[in-house]
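Each chain, written out:
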Amino acid sequence: MAPRVQTSAAGVLALLSDPDPQLQQYALAQLNALVPQFWAEISESVTAIETLYENEALPKNARGLAALVASKVYYYLAEYDEALSFALGAGTSFEQERLNPGAEEYVETVVSKAIDRYIQVRATEESGKSQGKIDPRLVNIIEGIFKKCLEDGEYKQALGIALESARLDIITRIFDLTKDTEILSYVMEAVLDTGFTLSFRNKVLHHILPLFPPLTARAPHIHSLTRLHVTLSLPSITIPILVSLVDGGLQGKREQFAISYQIAFDLVEGGTQDFLEAVRSGLPQHSTVETSEVPAANPSASRVYDRLRSILGGETSIHLFSDFLERNNHADQLILKDTKEALDSRSSIFHSALTFANAFMHAGTNSDEFLRNNLDWLGRASNWSKFTATAALGVIHKGNIRNGTALLQPYLPQPDGASTAGSSPYSEGGALYALGLIHASRGREVLGQLRATLRDVPGEIVQHGAALGVGIAGMASQDKDAYDDLKQALYTDSAIAGEAAGYSMGLVMLGSGSAEVIDEMLQYAHETHHEKIIRGLAVGIAFICYGTQEQANATIDRLLSEKDPILRYGGIYTLALAYAGTSDNAAVEKLLHIAVSDTSDDVRRAAVTSLAFLLFKNPSQVPRMVQLLSESYNPHVRCGATLALGISCAGTGSQDAIDLLEPMIKDPVDFVRQGAFISLAMILVQQSDVSPSLSPTRALFAKIIADKHEDPMARFGAALAQGFLDAGGRNVTISLQSRAGSKSMSAIVGMTLFAQFWYWYPLAHCASLAFAPTVIVGVTEELKTPTFTFVSDARPSLFAYPSPMKPPAEKAVEKVATAILSTTAKAKAREKTKEKEKAAAESDSMETDKPAARVSEDVEMKEDGPTAPTTGAESSTEDTTVSLSMSASAAKREREKKLIEPTFEILQNFSRVTPSQLAHIAFPPENRFQPVRAVASHSTTARNASGNSRGHTKKADRHAGGGGILVLVDTKPEEGEPQWVLALADSAAAAASASASTAAGLDGPAPIGANATADNGIMVEPPAPFEYPFGDDV
């Protein structure tokens, strides 16, 4: 007999009114099972159920059951707060409900609400606004969640709840349980890359710092620890760790020296000038270890600290990267040549376009070959084009701090104010700007010279260049004197000098968040009538608020509420830079709202562009976020979407971003196409020919530039795009974060200034601040570069340099065939027949000649050209045919053999390694030199120097994500002095010395260098410096 189907809960609900407690308890138990089916009917009696829960006469378990039923009813009514409140009162009944099948969704929802309420209450408690203690029943639920997560090994879930609820004790408990530094790294990345407040972020970082174990060679947390120190930027914390490492090395643990140098190199990449200088000056002159305890084989403490000071000064890193860029310059001169021929040099915009393209292509390479070969073109620069062309020398020689001032000396203003031959205020101002670019973020030694020029040399053009130079060279130096000099230039109320002063005041005070400085700048912005000055001050305020997060909220709201759209424009960038790299939801929401609601097109364009600065650590989110904006009716919003895609997805080769940009390269508005071209190049930088989009994109740029009917703005964007695509001789990428994962301050600032090229073209040069060399440079403890090899475990073509552009093949002049009339052909045939018959008659004994065949009189008209070859099949033998067939088969097999590409590549020191290639890099375990920094924890099959797989015997640690400068540990010092890779300047001198020794008949080992050599093996000297023919301005 089939069971009867229950169609109502009325009978059970009636039992709730019975005075017998046992019947009431029975009714509650029955209702608990019926709620999912009859919750609507039961909800009419929820008041009676609540009364039973409050009835103290009932047993505790019965009251808990009543609370559980009420909680489930409110859950189905979508009253989740009430459901949570009664679930807390259910006690053990709720715990037992977790085990019932079918109740999972209810339990998960209530638990989720419990976590949300706990986080809310804890946040109120942390802010000091708590009204009382947290409900202990809520605490019990959360503690139960933590306990279950730990038992199940779901540590990241527990850490997420702990961070949201500010339970730092849970972080300590999990680390004590696991002793896994990946836990600490996860916590650090969570608070740095998501929307936590600045105060809580610093609290968490200070909490986890002492939990990290002491550093050892190839420890997986070296990068994390470095990023933590860069973020906190507290010399009082950083100096002790360097001192302890040095003392450990002096006590015999030599690898501790290498670790200290590695941390110093990584600090330089992400640290500010004032922080690095404070660490540098705070290092002790001598070690704290007693002299008698130091092994004799170790270097002295003073020598180690001198090396650390040298590294922290930044010069060592700059020289190594500059050496790499100069050695491996693969810029294609033919691209520049074709661009020069296509663009009219008499046009200022086209002259500047080619100037930018050349500067970006040769950024940091010290190669001025294109300029030397095109002096006539260079001499046509005038006025601001001359300023831009002179400033380009700073991009080309970026990092050449040894010779930068000497290179620019012919164009710099003279101390006595005298004018040199060919000097002009435009070339002088551009040279000062170039001097700042050469010493970007490391310019203490030239800051005095730039400030003196700013104070003493009149002329707004020269002051414009000097102000930009002071700001870029003194970036984040917090130099009050430099700020005062810039403020005096601002108060001249010159539109040209004042704009640069406004930008640079913010650059010098970058990240300080000084309310006093912001008030001064904002007050002057209200007083002046020059839009250029207002814009410079607005963006300068954004620089001051860099990285301050919620501390900048008052300034952001103040700027966004201004009536002047230029100040609202500055408020957009203030919001973007204050929350740069955090992916803060509230900031993203505000930008999206402004992008579709503001009355100013400039503000809307800036709002969309600024999404890139918030989300560059999660580039995959940007295409989805700007997809609808890229289809907006407003061309300024579409243009902002292009730059947002380019800046955030730079160097990733993101196909989603490329797919969004493809329709915009055909946009009817010229500046939208310009932005699309620039962004395409940013995304495809450092991609190889394997990328399906690279070759078509190059062809597109060439086509746009060559098309004289194309809009000038679009041609300008295509020329800039060519420079980005081959930036730094095809050896740099565009990245807004350092190799350790921290925000790259100079790169973010550089891209912010680059975005202002919309108003002022010379600021486009600042994009070079975001160029990051993609290289692995190995140095020893002596800071020398040895020769060593490592393996790229991927096909070479995946990460090879793009193929150089081929010059157009010269077309041979085809000979026109001569037509022969049929009568002429018949006459020639008859004469030929007669000659053969006469020759046969004159023959005495030779009868072997057969009579010539009679030529048909119907000879067709032929062309006087080469005749088709005969097959000769009748005279060929079968053996010959077989032989030819075998030769063809062998040739085919040989070609196929050549087409088989190896699956790995052996690379040397100073080799280019692209960001996507880093995951495939492995150091063979038999190598003499091993890097001190082990980035990834998993292993890969290693190959020896010959390329043979050693997977069955040894494993090699992957060092992915690091790249850059790696400090090496010599695992085989008994092998003696290694071979060194000499710096280029040393290589030239050593080569000349070796040549002299060879001429004298002396033998000796040749120095190893990667520079270009002449046919006789002698190192080629670089060309001598000379003045570029800018000419006088009339």
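Residues numbered from 1 in each chain as written. Predicted model: local features only at pLDDT ≥ 70, side-chain atom pairs only at ≥ 80, totals over all residues. Heavy atoms only, no water.

- The protein is annotated in an unreviewed UniProt entry as 26S proteasome regulatory subunit RPN2 from Hydnum rufescens UP504.
- Reading the Function (unreviewed entry) entry of the UniProt record for the protein gives the comment "Acts as a regulatory subunit of the 26S proteasome which is involved in the ATP-dependent degradation of ubiquitinated proteins." (UniProt positions renumbered as here; feature names shortened; annotations may be inferred.)

1. Observations regarding the overall build of the protein
Link 1 in the chain: The secondary structure content of the protein amounts to 46 helices and 11 strands.
Link 2 in the chain: Taken over 1034 residues, the protein has a buried fraction of 53%.
Link 3 in the chain: Considering only contacts within the protein whose residues lie at least 6 apart along the sequence, 75% involve residues at least 24 apart.
Link 4 in the chain: For the protein, the accessible area works out to roughly 47200 Å², and carbon and sulfur atoms hold 52% of it. (Helix = DSSP H or I, 4+ residues; strand = E, 2+ residues; numbered from the N terminus. Buried < 20%, exposed > 50% of the residue type's maximum accessible area, 1.4 Å probe, protein only. Contact = heavy atoms within 4.5 Å. Areas by Shrake-Rupley, 256 points an atom, 1.4 Å probe, with all protein chains shown as cover.)

2. Observations concerning the environment of F175
Link 1 in the chain: For F175, the position within the fold is in helix 10 (residues 168-178).
Link 2 in the chain: Once the C-alpha coordinates of F175 and F212 are considered, the two residues, 37 residues apart in sequence, prove to be 9.5 Å apart.
Link 3 in the chain: Contact partners of F175, with chain neighbours within four places excluded, come to D180, T181, L184, L211 and P213.

3. A look at the pattern of salt bridges
Link 1 in the chain: Counted by the stated rule, this structure contains 35 salt bridges.
Link 2 in the chain: The closest approach of N and O atoms between R167 and E143, which form a salt bridge, is 2.9 Å. Taken as a pair, R167 in the loop between helix 9 (155-164) and helix 10 and E143 in helix 8 (residues 136-152) lie far apart in primary sequence, 24 residues in all.
Link 3 in the chain: Under the relative-accessibility criterion, R167 is labelled buried at 10%.
Link 4 in the chain: For E143, a relative accessible area of 27% puts it in the partly exposed group.
Link 5 in the chain: Salt-bridge contacts for R795 lead to E901; the nearest nitrogen and oxygen are separated by 3.3 Å. Here R795, found in the loop between strand 4 (789-792) and helix 44 (822-842), pairs with E901, found in the loop between helix 45 (878-899) and strand 5 (905-908); they are 106 residues apart in sequence, far enough to count as distant.
Link 6 in the chain: Shared partners join several salt bridges into a network, and the residues in it are E143, R167, D169 and R173. (Salt bridge = Lys/Arg side-chain N within 4 Å of Asp/Glu carboxyl O.)

4. A word on the sheet that holds strand 8 (residues 929-931)
Link 1 in the chain: Strand order across the open sheet formed by 4 strands is 6-3-11-8, with mixed pairing between neighbours. A strand with exactly one partner marks an edge of an open sheet, and here the two such strands are strand 6 (911-912) and strand 8.
Link 2 in the chain: Contacts from helix 15 (residues 255-270) reach strand 3 (775-779) and strand 11 (964-970) within the one sheet, and its direction differs from that of strand 11 by about 180°. (Pairing = 2+ DSSP bridges. Axes fitted to C-alpha atoms, helices over the stretch in contact; angles between N-to-C directions.)

5. Quick look at the pairing of strand 3
Link 1 in the chain: Within strand 3, 5 of the 5 residues are buried, which leaves the element mostly enclosed by the surrounding structure.
Link 2 in the chain: Pairing analysis gives 2 bridges linking strand 3 to strand 6, with the strands arranged antiparallel. Bridging across to strand 6, I776 finds its partner in S911.
Link 3 in the chain: Note: strand 3 against strand 11, 4 bridges, orientation parallel. From the neighbouring strand, V777 faces strand 11, where its bridge partner is I965.

6. Brief notes about the packing of helix 25 (residues 425-438) against helix 27 (residues 460-473)
Link 1 in the chain: Following both chains from N to C, one finds helix 25 and helix 27 inclined at 0°, their axes separated by 7 Å at the closest point. With respect to helix 27, the axis of helix 25 lies roughly parallel. Of helix 27, the residues touching helix 25 (which contributes P425, Y426, E428, G429, L432, Y433, G436 and L437) are I461, V462, G465, A466, L468, G469, I472 and A473.
Link 2 in the chain: For the contact of helix 25 with helix 27, the class distribution of residues is 11 nonpolar, 4 polar and 1 charged. (Parallel < 35°, antiparallel > 145°, perpendicular 65-115°, else oblique. Nonpolar A, V, L, I, M, F, W, Y, C, P; charged D, E, K, R; others polar.)

7. Describing the packing of helix 9 against helix 11 (residues 181-193)
Link 1 in the chain: It is at 11 Å that the axes of helix 9 and helix 11 come closest, and there the two elements cross at 45°. Of the possible angle classes, the one that applies to helix 9 and helix 11 is oblique. Both helix 9 and helix 11 take part in a crossing whose hand is right-handed. Contact with helix 9, carried on its side by Y155, K156, L159 and L163, involves I183, Y186, V187, A190 and V191 of helix 11 and no other residues of that element.
Link 2 in the chain: Residues of the contact of helix 9 with helix 11, tallied by class, amount to 8 nonpolar, no polar and 1 charged. (Left-handed = near helix turned anticlockwise from the far one by under 90°.)

8. Details of helix 41 (residues 712-725)
Link 1 in the chain: Its 14 residues give helix 41 an end-to-end C-alpha distance of 20 Å, which sits within 8% of 20 Å, the value for a rise of 1.5 Å per residue.
Link 2 in the chain: Most of helix 41 sits inside the fold, with 12 of its 14 residues counted as buried.
Link 3 in the chain: The complete set of buried residues in helix 41 reads A714, R715, F716, G717, A718, A719, L720, A721, Q722, G723, F724 and L725. (Expected span 1.5 Å × (residues − 1).)

9. A few points about unusual backbone geometry
Link 1 in the chain: Even without a glycine there, the phi angle at S233 is positive, about 50°.
Link 2 in the chain: With respect to the element layout, S233 can be found in the loop between helix 13 (222-232) and helix 14 (235-250).
Link 3 in the chain: When its relative accessible area of 26% is taken as the criterion, S233 is described as partly exposed.

10. What about the packing of aromatic side chains?
Link 1 in the chain: Inspection of the entire model under this criterion finds 32 aromatic pairs.
Link 2 in the chain: On the basis of an interplanar angle of 70° and a centroid distance of 5.0 Å, the ring pair of Y75 and Y76 is categorised as edge-to-face.
Link 3 in the chain: Look at F671 and W758: their rings are 5.1 Å apart centre to centre, the planes differ by 80°, and that puts the pair in the edge-to-face class. Of this pair, F671 sits in helix 39 (residues 670-684) while W758 sits in the loop between helix 43 (745-754) and strand 2 (771-773), placing them 87 residues apart in sequence.
Link 4 in the chain: Members of the aromatic cluster, connected to one another through ring pairs, are F356, F360, F716, F724, F754, F757, Y761 and F771.
Link 5 in the chain: Over the ring of Y546 we find K743; its NZ or CZ atom is 5.1 Å from the centre of that ring.
Link 6 in the chain: Above the ring of Y801, the side-chain terminus of R912 is found at 4.1 Å from the ring centroid. (Phe/Tyr/Trp six-rings, centres within 6.5 Å; stacked < 30°, edge-to-face > 60°. Lys NZ or Arg CZ within 6 Å of the ring centre and 35° of its normal.)

11. Some points on the environment of H221
Link 1 in the chain: Mapped onto the elements of the fold, H221 is located in the loop between helix 12 (198-208) and helix 13.
Link 2 in the chain: Judged by relative accessible area, H221 falls into the buried class, the value being 3%.
Link 3 in the chain: The residues contacting H221, other than those within four sequence positions of it, are T181, F212, P213, P214 and L215.

12. Some details on the nonpolar core
Link 1 in the chain: Membership of the largest hydrophobic core comes to 294 residues, with the highest contact counts inside it found for I42, I208, F724, M751 and F754.
Link 2 in the chain: Apart from residues no more than four positions distant in its own chain, F724 is found in contact with F360, I678, A681, M682, V685, I734, F754, A767 and F771. (Core = buried A, V, L, I, M, F, W, Y, C linked by side-chain atoms within 4.5 Å.)

13. Focus on the side chain of S792
Link 1 in the chain: You can see S792 is positioned in strand 4.
Link 2 in the chain: Reaching out from S792, the side chain makes a polar contact with the side chain of Q917 at a distance of 2.9 Å.
Link 3 in the chain: Contact partners of S792, with chain neighbours within four places excluded, come to F904, E905, L907, Q917, H920 and I921. (Polar contact = N/O pair within 3.5 Å; in protein donor to acceptor, adjacent residues only side chain to side chain.)

14. A closer look at helix 7 (residues 104-126)
Link 1 in the chain: Between its first and last C-alpha atoms helix 7 spans 32 Å; for 23 residues at 1.5 Å apiece the expected length is 33 Å, and the two agree.
Link 2 in the chain: For helix 7, the elements touching its buried residues are helix 4 (60-76), helix 5 (80-90), helix 6 (92-97), helix 8 and helix 9.
Link 3 in the chain: Looking one or two places after helix 7, you find G128, whose phi comes out positive at around 85°.

15. Focus on the sheet that holds strand 7 (residues 921-922)
Link 1 in the chain: Reading across from one edge, 5-4-7 is the order of the 3 strands in this open sheet, with antiparallel pairing throughout. Each end of this open sheet is capped by a strand with a single partner; those strands are strand 5 and strand 7.
Link 2 in the chain: Bridge count for strand 4 against strand 7 is 2 bridges, and the pairing is antiparallel. In the strand pairing of strand 7, S792 is matched with I921.

16. Overview of the confidence of the model for the protein
Link 1 in the chain: Considering every residue of the protein, the mean pLDDT works out to 83; 82% of them sit at 70 or more.
Link 2 in the chain: The model gives residues 935-961 a pLDDT under 50, and that stretch makes 71 contacts with residues more than four places away or in other chains.
Link 3 in the chain: Here residues 994-1023 is modelled with pLDDT under 50, and outside its nearest four sequence neighbours on either side it reaches 30 contacts, counting other chains as well. (pLDDT = per-residue confidence, 0-100.)

17. A closer look at the side chain of R451
Link 1 in the chain: One can find R451 in helix 26 (residues 444-456).
Link 2 in the chain: Since its relative accessible area comes to 17%, R451 is described here as buried.
Link 3 in the chain: A distance of 2.7 Å separates the side chain of R451 from the side chain of D485, its partner in a polar contact.
Link 4 in the chain: Excluding its chain neighbours within four sequence positions, the residues that come into contact with R451 are V470, D479, D481, A482 and D485.

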